[in-house]
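# Structure assessment
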Amino acid sequence: MAFFRRGRNQEAAVAADELGAPEVQEEQPVIPEVGPFDSTQVSERGDRLDLGAIWLPGKQGAELRMEVDNNTQRVTGVAIALNGSILQLQAFAAPKTTGIWDEIRAEIAESIKSQGGAADDVPGTMGRELLVKLPVKLKDGTPAVQPARFVGFDGPRWFLRGVFSGRAAFDKEAAKDLEDLYRNVVVIRGTEARPPRDLLALTLPGQVPSLPNPVAPTQPDLNPLQRGPEITQIG
């Protein structure tokens, strides 16, 4: 008498063996050709720079700037300057089942417009993105317009936001190298529970990441056009 029922995969394997046919193989997870990637989708860090929640690909001639909050001394973002353009990166926790880029995009657009700027939600090379123009004042007080381009990627329980400024905000050719860098970023989410939009901890190169604080998580400002002090490293 049989006490255990065979599952479908077991039955298929037995039948294949009896017929002399190859066994049925279980499906392997599909790893995308381009990212951003989750840490479970890559076998090793390679030549990427370890910045805590982000593994950043190297790029010849790029300048790395770590953005630090004045009050907490917490690293809040990383910016890469290359050939007159800048890409700013931040990684956030996200829900298990739904992405947050759609709602964040709408909130950023509303914030930009409330400041007297313009924001267009358009299809781009990496999905939906925002092209914005924000009124600013130059050092001499002259009014000007600052263009920027917001992109986002919903990963498994994380969200990666990128902001292009300088030439890459409006020049497709100028943006290609930084776009390639964005697509090759790896995000390390961790297994701890985090509320959606909690900023994933970044560290200076070579620094050991601190443990997260689940009691009082930081809810970062979604407008990256205001920066903290920067620590610059030449790559």
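Scroll up a little and you will see the structure.
Quick caveat, the model's predicted, so the values are computed rather than measured.

### Here's the deal with the sheet that holds strand S1 (residues 37–38)
- With mixed pairing, the four strands of this open sheet are ordered in space as S1-S11-S3-S2. Only two strands of the sheet have a single neighbouring strand rather than two, namely S1 and strand S2 (49–50).
- Inspection of the sheet shows S1 paired to strand S11 (residues 186–187) by two bridges, in the parallel sense. Each bridged residue has a counterpart across the sheet, and for Phe 37 the counterpart in S11 is Val 186.

### Concerning the pattern of salt bridges
- The final tally for this structure, using the stated rule, is 14 salt bridges.
- When the shortest N-O distance is used, the salt bridge between Glu 179 and Arg 149 registers 2.7 Å. Residue Glu 179 is located in helix H3 (residues 172–183), and its partner Arg 149 is located in strand S9 (residues 143–155); the two are separated by 30 residues in the primary sequence. The pair formed by Glu 179 and Arg 149 is uniform in burial state, with each residue classed as buried.
- Note that Glu 173 is salt-bridged to Lys 176, the shortest N-O span being 3.0 Å. Here the residue Glu 173 and the residue Lys 176 both occupy positions in helix H3, the gap between them amounting to three residues, near one helical turn.
- The class for Glu 173 is exposed, based on a relative accessible area of 55%.

### Remarks on the pairing of strand S4 (residues 63–68)
- Where burial is concerned, most of S4 is hidden: five out of the six residues are buried.
- The hairpin turn running from S4 into strand S5 (residues 75–82), its antiparallel successor, is six residues long, and Gln 73 in that turn takes a positive phi close to 60°.

### A short note on the packing of aromatic side chains
- Tallying each qualifying case throughout the model produces three aromatic pairs.
- An angle of 25° between the planes, with centres 5.6 Å apart, marks the rings of Trp 101 and Phe 159 as stacked. Taken as a pair, Trp 101 in helix H2 (residues 101–114) and Phe 159 in strand S10 (residues 158–166) lie far apart in primary sequence, 58 residues in all.
- When its relative accessible area of 5% is taken as the criterion, Trp 101 is described as buried.
- Ring geometry for Phe 153 versus Trp 158: centroids 5.8 Å apart, planes at 35°, classification tilted.
- Here Trp 158 falls in the buried class, since its relative accessible area comes to 0%.
- Pairwise contacts between aromatic rings join Phe 92, Trp 101 and Phe 159 into one cluster.
- We note Arg 149 situated over the ring of Phe 164; from NZ or CZ to the ring centre the distance is 4.7 Å.

### Quick look at the side chain of Arg 189
- Mapped onto the fold, Arg 189 is located in the loop between S11 and strand S12 (230–234).
- Despite its burial, Arg 189 pairs with no opposite charge; the closest candidate is Glu 192, at 4.5 Å N-O.
- A polar atom in the side chain of Arg 189 sits 2.9 Å from the backbone oxygen of Arg 157.

Reading the values: the criteria
- Numbers given to residues run from 1 along each chain, matching the order in which its sequence is written.
- Residues qualify for local features only when their pLDDT is at least 70, as the model is predicted, and side-chain atom pairs are given and counted only at 80 or more; totals for whole chains, interfaces and linings, by contrast, use all residues.
- No hydrogens and no water enter the side-chain calculation; it runs on all heavy atoms of the structure.
- A pair of strands counts as paired when DSSP detects no fewer than two bridges linking them.
- Per the convention used, a helix needs a DSSP run of H or I reaching at least four residues, while a strand needs a run of E reaching at least two, with both numbered from the N terminus.
- Each reported salt bridge corresponds to a side-chain nitrogen of Lys or Arg within 4 Å of a carboxyl oxygen of Asp or Glu.
- Only protein chains enter the accessibility calculation, which uses a 1.4 Å probe. A residue is then buried if its area is under 20% of the maximum for its type, exposed if over 50%, and partly exposed in between.
- Planes of paired rings set the category: under 30 degrees apart is stacked, over 60 is edge-to-face and the rest tilted, where pairs are Phe, Tyr or Trp rings (Trp by its six-membered ring) whose centres lie within 6.5 Å.
- Only when the NZ of Lys or the CZ of Arg is both within 6 Å of the ring centre and within 35 degrees of the ring normal is a charge said to sit over the ring.
- Charge assignment: positive for Lys and Arg, negative for Asp and Glu; neither His nor the chain ends contribute.
- Any pair of nitrogen or oxygen atoms within 3.5 Å is treated as a polar contact; in protein, a donor-acceptor pairing is required on top of that, and neighbouring residues in sequence qualify only through side-chain atoms on both sides.

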